[in-house]
Amino acid sequence: MDFEFTEEQLAVRDMARDFAQKKVKPLAAELDREAKYPKNLVREMAELKLLGVSVPEEYGGAGMDMVSYILALQEVSQACASTGVIMSVNNSLACEPIKSFASDAQKKKFLTPLASGEKIGCYCLTEPEAGSDAANQKTIAVKKGAAYFLTGTKQFITNGYEADLAIVYALTDPAKGKKGISAFIVDAKTPGFKVSKKERKLGIRGSSCVQISLDNVEVPAENLLHIEGEGLKVALSTLEVGRIGIAAQANGISAAALECSLEYTKERHQFGKAIADFQAIQFMLADMAVRLDAAQLLTYKAAHLKGQGKRTALESSQAKLFASEACMKNAWTAVQVHGGYGYVEDYIPERLFRDAKITEIYEGTSEIQRLVIAQNILSAGI
Ligand SMILES: Cc1cc2nc3c(=O)[nH]c(=O)nc-3n(C[C@H](O)[C@H](O)[C@H](O)COP(=O)(O)OP(=O)(O)OC[C@H]3O[C@@H](n4cnc5c(N)ncnc54)[C@H](O)[C@@H]3O)c2cc1C
């Protein structure tokens, strides 16, 4: 067992840290306040190859490993969780399924622009009636000649407002239920593909979250991703990577919570001394540090195994569950140690507290992660 990062991994982390601290962090409060998509930052991430970190260079990516991706994502998320999720969705949910399941011709056509950041991707699995029960898809894909025609509604789609390409799940054979789901790569400019609602959110307000209506959207048959009827496999396999990404986003928020708490408690004086001198405060700081470290270890382990091409349903869920709950507790603690200043907009904890909550919900709620973990340990043991 080796707990050291490689030189390449550290180089990617340091590059991402430099970018995040100098360019992203100064804008985070404004992006949140104005619910503004960070267009220029996304362009800069593209230039730094942060939108396809673990995609091979021949397809426009940085050609780095999964651990490097996770380290970079944590750095960006520590500076701004909204920018973090935009990066996470493009890497994990748009590039990954194409990298893992597409033909070479599809990779050249779709992966290269996504990984290079020329185009932005989104992932359309959730529907009004298919949230935790993702297999309960209602969107239909009817094949006519050399095309499929997609009709349905997709709910809560991150990056959906800006996306050029969407990975869309739909039923090609409704009679087969979850075995009748297929995955498609859809050009968002196709007639009938429409943003029908833009959500106003509690946190990660700099990223878009939209409802998409699909009205007889014509998708060339060559855009079928993988095999007809294997869409759920594509979706769940993608979420194994996605959940490690959300764990990294959560760790970024956790680290930001600890960072500002360490600074503030040394500066803030009450009863004639720094509040960091009170043991009650020290215990809270200690718990934050342990939670962050444990969450990072689970996240790095899952990323390392995924990078070796292993199935990581268990490890991805463990990392996501623990990291998101640790993140929520650390954000809560950051507010607490800041007292009243933690509750107002001028200080970072107020935003971290709102941003943290989503990590316990998207890409599978904590309840769903516990179900996945329980199913795995009940069938395979520990
Ligand atoms: C900001 C945001 C961004 C998102 N981005 C995307 C995206 O890019 N692409 C995408 O496809 N989706 C996205 N989602 C959707 C997200 O993944 C779902 O919201 C999430 O999976 C939960 O589904 P739901 O909202 O329908 O809740 P429900 O499934 O209705 O769950 C409601 C409650 O019931 C619980 N519950 C449900 N089933 C069970 C069970 N079997 N056992 C115990 N408890 C259960 C849940 O844990 C939860 O507490 C996003 C959501 C949000 C809010």
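For the structure, see preceding data.
Model, not experiment: these values are computed from the prediction. (Residues numbered from 1 in each chain as written. Predicted model: local features only at pLDDT ≥ 70, side-chain atom pairs only at ≥ 80, totals over all residues.)

> Mind showing me how you'd approach the pairing of strand S7 (residues 209–220) here?
When a strand is regular, its side chains alternate between the sheet's two faces. Bridge count for strand S3 (residues 147–158) against S7 is nine bridges, and the pairing is antiparallel. Across the sheet, Tyr148 pairs through a bridge with Val219, a residue of S7. Strand direction decides the pairing type here: strand S6 (residues 193–198) and S7, joined by five bridges, are antiparallel. Pairing of Lys198 across the sheet is with Val210, part of S7. (Pairing = 2+ DSSP bridges. Helix = DSSP H or I, 4+ residues; strand = E, 2+ residues; numbered from the N terminus.)

> When you look at helix H9 (residues 348–357) in this model, what are you seeing that I'm missing?
One turn of the α-helix equals 3.6 residues, which is why residues spaced by three or four share an orientation. For H9, a buried count of eight out of ten residues is recorded, marking the element as mostly surrounded by other parts of the structure. Inspection of H9 places Ile348, Pro349, Glu350, Arg351, Leu352, Phe353, Asp355 and Ala356 among the buried residues, and these make up the whole buried set. (Buried ≥ 20, exposed ≤ 12 C-beta atoms within 10 Å, placed from the backbone.)

> Would you mind going over the site of the ligand with me for this structure?
Of all residues adjacent to the ligand, which total 22 residues, the nearest are Thr126, Gly131, Ser132, Thr365 and Glu367. Here the shell around the ligand is built from residues that sort into 13 nonpolar, six polar and three charged. Here the shell around the ligand gathers at least three residues from each of two domains, domain 2 (122–228) and domain 3 (232–380). (Near = placed C-beta within 6 Å. Nonpolar A, V, L, I, M, F, W, Y, C, P; charged D, E, K, R; others polar. Domains from an automatic or database assignment.)

> I would appreciate a short explanation of the environment of Cys80 in the present structure.
Tracing the backbone through its elements, the reader meets Cys80 in the loop between helix H3 (66–79) and helix H4 (81–101). Distance from Cys80 to Glu267, taken between C-alpha atoms, is 24 Å for residues 187 residues apart in sequence. Those residues within four positions of Cys80 in sequence are excluded, and the remaining contacts are Val24, Lys25, Leu27, Ala28, Leu31 and Gly206. (Contact = placed C-beta atoms within 7 Å.)

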